[in-house]
Amino acid sequence: MTQGKGQGFGFGLGKMKELTEAFKKAQQVQQGAKQLQEELEQMEIEGQSNDGSVKVIVSGNQEPRRVEISEAAVAQGPQALSELVTTAMKDAYDKSTETMRSRMEELTSGLNLPGL
């Protein structure tokens, strides 16, 4: 019983090359992800209420940084102010989530890695 030429254990040089390339790409993604994490930590993303009277600033990785509340927002009373802050928080969260998603897509585009 002889095996055909180049059949070996079913793990030829072509497969080895593919695995090496996949490993290199995975290392690039890992390196890029670390750099992206650092960039996200430095970013400031602003969300605001519909009327702009309340602003919430978070980092690119959604760490709260500060809240800016105008006198006009305070004058509306506690219930209205609470709603304005909540709207601004949701806006900041949505913007930071979209930023993270799009940056991760940029990082992994064209790599054809399974599961990404």
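What you see is a predicted model; the values in this text were computed from it and never measured.

Visitor: Describe the environment of Gln 28, listing the residues and the values that go with them.
Guide: Within the element layout of this structure, Gln 28 appears in helix 1 (residues 13-42). Expressed as a C-alpha distance, the spacing of Gln 28 and Leu 107, which sit 79 residues apart in the sequence, is 9.0 Å.

Visitor: How would you sum up the pairing of strand 1 (residues 45-48)? Please name residues and give values.
Guide: A one-sided burial pattern is seen for strand 1, the buried positions being Ile 45 and Gly 47 and the unburied ones Glu 46 and Gln 48. Judged from the four bridges that link them, strand 1 and strand 2 (residues 54-58) form a sheet pairing that is antiparallel. Each bridged residue has a counterpart across the sheet, and for Glu 46 the counterpart in strand 2 is Ile 57. The turn joining strand 1 and strand 2, which pair antiparallel and follow one another in sequence, is formed by five residues; a positive phi near 75° is taken by Gly 52.

Visitor: Give me the nonpolar core: which residues, what numbers.
Guide: One broad trend across soluble globular proteins is that nonpolar side chains are buried collectively. In this structure, Val 54, Val 56, Val 58, Ala 73 and Leu 81 are the most contacted members of the largest nonpolar core, which totals 13 residues. Top element by residues in this core is helix 3 (residues 78-108). It accounts for five residues. Not counting residues up to four positions away in its chain, the partners in contact with Val 58 are Met 43, Glu 44, Ile 45, Glu 63, Pro 64, Arg 65, Ala 92 and Ser 96.

Visitor: Which residues make up the sheet that holds strand 3 (residues 64-69), and what values go with them?
Guide: Strand order across the open sheet formed by three strands is 1-2-3, with antiparallel pairing between neighbours. Each edge of the open sheet is held by one strand with a lone partner, namely strand 1 and strand 3. On average, each strand axis in the sheet is tilted by 20° relative to the strand beside it, whichever way the strands run. Along the sheet, helix 3 makes contact with strand 1, strand 2 and strand 3, crossing strand 1 at roughly 145°.

Visitor: Tell me about the pairing of strand 2, and please be specific about residues and values.
Guide: Burial runs high along strand 2: four of the five residues are buried. Direction of pairing for strand 2 relative to strand 3: antiparallel, over a ladder of five bridges. From the neighbouring strand, Lys 55 faces strand 3, where its bridge partner is Glu 68. The loop that links strand 2 with its antiparallel partner strand 3 comprises five residues; one of these, Gln 62, has a positive phi angle of about 70°.

Visitor: Which residues make up the environment of Glu 68, and what values do they have?
Guide: For Glu 68, the location among the structural elements is in strand 3. Sequence-wise, Glu 68 and Ile 57 are 11 residues apart; in three dimensions their C-alpha atoms are separated by 8.2 Å. Contacts of Glu 68, omitting those with residues within four sequence positions, involve Ser 53, Val 54, Lys 55 and Ile 57. Of the polar contacts made by the side chain of Glu 68, one reaches the side chain of Arg 66; its length is 3.2 Å.

Visitor: Run through the side chain of Ser 53, naming residues and quoting values.
Guide: By the secondary structure assignment, Ser 53 is in the loop between strand 1 and strand 2. Using a relative accessible area of 8% as the deciding quantity, one classes Ser 53 as buried. Excluding its chain neighbours within four sequence positions, the residues that come into contact with Ser 53 are Glu 68, Ile 69, Ser 70, Ala 73, Gln 76 and Leu 84.

What counts, and where the lines are drawn
- Residues numbered from 1 in each chain as written.
- Predicted model: local features only at pLDDT ≥ 70, side-chain atom pairs only at ≥ 80, totals over all residues.
- Heavy atoms only, no water.
- Helix = DSSP H or I, 4+ residues; strand = E, 2+ residues; numbered from the N terminus.
- Buried < 20%, exposed > 50% of the residue type's maximum accessible area, 1.4 Å probe, protein only.
- Pairing = 2+ DSSP bridges.
- Core = buried A, V, L, I, M, F, W, Y, C linked by side-chain atoms within 4.5 Å.
- Contact = heavy atoms within 4.5 Å.
- Axes fitted to C-alpha atoms, helices over the stretch in contact; angles between N-to-C directions.
- Polar contact = N/O pair within 3.5 Å; in protein donor to acceptor, adjacent residues only side chain to side chain.

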